[in-house]
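# Coordinate analysis (summary)
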Amino acid sequence: MGTTRKWGRGGAAYAGRVPEFPYARLRRFPDVEAPNLQAWDATDELLVARALTVAAEHGIDGSEIAVIGDGYGALTLPLAAAGLAGVRVHQDLVTGRRALARNAAELGVTAGLGVTGFAEHELDTELLRGARLVLLQLPKGLAELEEIADAIARAAAPDVLLLAGGRVKHMTLAQNDLLGARFGQVQPQRAERKSRLIVATDPLPVPQDPPFPVSTAHPEYGLTLCAHGGAFAGDRIDIGTRVLLDVLRDRAAELVALSRRDGFTAVDLGCGTGALAAALALAIPDARVIATDRSAAAVRSARATMVANGIADRVTVMLDDAGSEIPDGSVDLVLLNPPFHLGASVHEGAGRRLIDAAARILRPGGEVWTVFNSHLDHRRALAAAVGVTEQLARTPKFTVTRSVRR
């Protein structure tokens, strides 16, 4: 049954019964879909229910609400369906953005929910300026939470109320402490359905300069890496990337020979902070290099990395999902360090999508150099999707292979 709510100053947007929202109809597509992966969880439902109550009690319009970390629309669309127009939303992953658009179109047409009242933003001032209510699905990393909390404290309204939520098994006291550095009041709520909400109010004064991006020089590779809070491994070089960087350095002559192909183009697929793309561009100054990632935080980080290394004019950094905007058969070299997690779940689907993408974008005779955890069956997947695959290096944890496109 719907719940009758009396709206205050926001009453023009909605007055009456809040419709039941069909969460089960939300899809993750084009992200990986599997029986153990769904497009919403209990945290989404708790955040929406609390947000509707807060909006009603405090007369908050949709244009005064910002949503951060909405996976596939399970926060934004129920608010819009309840008549809150103009909700601002930031999703880090381009797959989430595309899923939100698809889910909005699907539900707007078939369910008559009128889910049109939202606007997409990056994590910037426009997302948060004057916001009185912010909904946040807590991110995995503390650095990402720090950047988000800092952004809210800088740009939101002085009376902003932050509703942050997560699954209890993934929440830590460190999250409370971090929020406490930016808000005067931080109140964890009682757990419900294995999820918990945190209410934060009274934003505190912030330092003059934002804390991100951060940067660190890595003289062993001749690189400086820059990172925003949501970028994997931050401004460090993760151990898998180190193994592949070592192989690239040891086999530099082979890469130079490959780069002599007419129209040579290389892609760092799933580039993260851009270490592989930057290393290649520095090693082969004439190479056309593309760095692509589905994470907006990674793309912002990679762009800063290229600037820091003086190669921003030679490396194109793109926000994209699995190279979907790169033409088929147009690339000579793909560098790949595929993930094996999807959010908090261990799942090989993301890595397999990138392997298939590498096969699609490579020209005949093109090569993909891949580093992966040795326990994964990626070598067989590479051989099936790309072509003959040989091992170039192996450590106790990682394997590096080279696959040649048929």
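Refer to the preceding data block for the structure.
Notes on the structure follow. The shown structure was predicted, so the numbers you read here are calculated from the model rather than taken from an experiment.

Locating Glu-147 in the fold gives a position in helix 5 (residues 142-155). Nearest to the buried, unbridged Glu-147 among oppositely charged side chains is Arg-300, at 4.1 Å. At a separation of 2.6 Å, a polar atom in the side chain of Glu-147 contacts the main-chain amide nitrogen of Gly-229. When residues no more than four places from it in sequence are discounted, the contact partners of Glu-147 are Leu-123, Phe-212, His-228, Gly-229, Gly-230 and Arg-300.

The subject of this paragraph is the side chain of Thr-399. Mapped onto the elements, Thr-399 comes out in strand 20 (residues 398-404). Polar side-chain contacts of Thr-399 include one of 2.8 Å to the side chain of Ser-374.

Where strand 8 (residues 183-188) and strand 9 (residues 195-203) come together, five bridges link them in antiparallel fashion. Bridging from a neighbouring strand, Gln-185 pairs with Thr-201 of strand 9. Once strand 8 ends, the chain turns through six residues before running back antiparallel as strand 9, passing Arg-193 with a positive phi of about 55°.

So, on to the packing of helix 7 (residues 239-250) against helix 9 (residues 275-283). With their axes 10 Å apart at the nearest point, helix 7 and helix 9 run at an angle of 15° to one another. As judged from the angle between their axes, helix 7 and helix 9 are roughly parallel. For the crossing formed where helix 7 meets helix 9, the hand is right-handed. Residues Thr-241, Leu-244, Leu-245 and Leu-248 of helix 7 touch helix 9, and the partners they reach there are Ala-275, Leu-276 and Ala-279. Split by residue class, the contact of helix 7 with helix 9 holds six nonpolar, one polar and no charged.

Right, let's talk about helix 9 for a bit. Among the nine residues of helix 9, seven are classified as buried, and the element is accordingly described as predominantly covered. Buried residues of helix 9: Ala-275, Leu-276, Ala-277, Ala-278, Ala-279, Leu-280 and Ala-281, and no others.

Definitions and cut-offs
- Residues numbered from 1 in each chain as written.
- Predicted model: local features only at pLDDT ≥ 70, side-chain atom pairs only at ≥ 80, totals over all residues.
- Heavy atoms only, no water.
- Helix = DSSP H or I, 4+ residues; strand = E, 2+ residues; numbered from the N terminus.
- Buried < 20%, exposed > 50% of the residue type's maximum accessible area, 1.4 Å probe, protein only.
- Lys, Arg positive; Asp, Glu negative; His and termini not counted.
- Salt bridge = Lys/Arg side-chain N within 4 Å of Asp/Glu carboxyl O.
- Polar contact = N/O pair within 3.5 Å; in protein donor to acceptor, adjacent residues only side chain to side chain.
- Contact = heavy atoms within 4.5 Å.
- Pairing = 2+ DSSP bridges.
- Axes fitted to C-alpha atoms, helices over the stretch in contact; angles between N-to-C directions.
- Parallel < 35°, antiparallel > 145°, perpendicular 65-115°, else oblique.
- Left-handed = near helix turned anticlockwise from the far one by under 90°.
- Nonpolar A, V, L, I, M, F, W, Y, C, P; charged D, E, K, R; others polar.

Read these as layout, nothing more, since geometry by itself doesn't imply function.
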